[in-house]
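# Geometric and topological summary
Chain residues, written in single-letter form:
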Amino acid sequence: MDWSHYRFRTLWTLAAPPPVVYVALEQAEDYPRWWPQVREVTRIDDTSGAVRIRSLLPYDLTFTARDVRRDPAAGVLEIAMSGDLDGWARWTLTASGSGTCARYEQEVDVTKPLMRRLAVPGRPLFRANHALMMRAGRRGLAAHLQAL
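From a predicted model like this one, the values you see are computed outputs, not experimental measurements.

Each value, and the rule that gives it
- Residues numbered from 1 in each chain as written.
- Predicted model: local features only at pLDDT ≥ 70, side-chain atom pairs only at ≥ 80, totals over all residues.
- Heavy atoms only, no water.
- Axes fitted to C-alpha atoms, helices over the stretch in contact; angles between N-to-C directions.
- Helix = DSSP H or I, 4+ residues; strand = E, 2+ residues; numbered from the N terminus.
- Left-handed = near helix turned anticlockwise from the far one by under 90°.
- Contact = heavy atoms within 4.5 Å.
- Nonpolar A, V, L, I, M, F, W, Y, C, P; charged D, E, K, R; others polar.
- 1 Å grid on protein atoms, 1.4 Å probe; cavity = no way out; pocket = protein on both sides within 12 Å on 5 of 7 lines; lining within 4 Å.
- Points joined across faces, edges and corners; volume = space filled by probe spheres on them.

Another aspect to go through is the packing of helix 1 (residues 18-26) against helix 4 (residues 119-147). Viewed as axis vectors pointing N to C, helix 1 and helix 4 meet at an angle of 115 degrees, and their least axial separation amounts to 11 Å. The handedness of the crossing between helix 1 and helix 4 comes out as right-handed. Residues Val20, Val21, Ala24 and Leu25 of helix 1 form the contact with helix 4, whose own contacting residues are Leu141, His144 and Leu145. Residue classes in the contact of helix 1 with helix 4 are distributed as six nonpolar, one polar and no charged.

Set out below in structure tokens:
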């Protein structure tokens, strides 16, 4: 087993309809406004940007995100990631009553040297850190969508 390889899957239930959620998620440069752990998103060009995240643990992760798929009809947004995290992440949005079920999937290899050195003993903390980040993201997005 590669202890620096992670797969995550998170489901968010949101009150807004899928097209509204899609537009909010598509605007990655706005994430720092509503997602506290997304500290910075800097657009590089039309299809990529530099991202810096930090959750509860005292370290930043930086990576380049590049659009792989933007499909509003299917409700899919997917990026490739390279840097401290190498892999991919995908949002898939489906209608759920009058709201949205947002499924987030991510598969990455951690390349940050400290995290690789601490891969075995730190894995439970790294997973908990991710869970906290996702919980805060759902709360932030829900509040952001209500304000629209």
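Having seen the structure, we can now continue with the description.
Moving on to empty space enclosed by the protein. Unfilled space is identified by rolling a water-sized probe across the atoms. This model, assessed by the stated rule, comprises one cavity of 30 Å³ or more. Its boundaries defined by the atoms lining it, the largest cavity holds a volume of some 740 Å³. Taken together, 45 residues make up the lining of the largest cavity; nearest its centre are Val51, Phe63, Ile79, Met81 and Tyr104. No other element matches the seven residues that strand 4 (residues 61-71) contributes to the lining of the largest cavity. Looking at side-chain class alone, the lining of the largest cavity contains 28 nonpolar, eight polar and nine charged residues.

As far as function goes, none of this settles anything; it's purely spatial.
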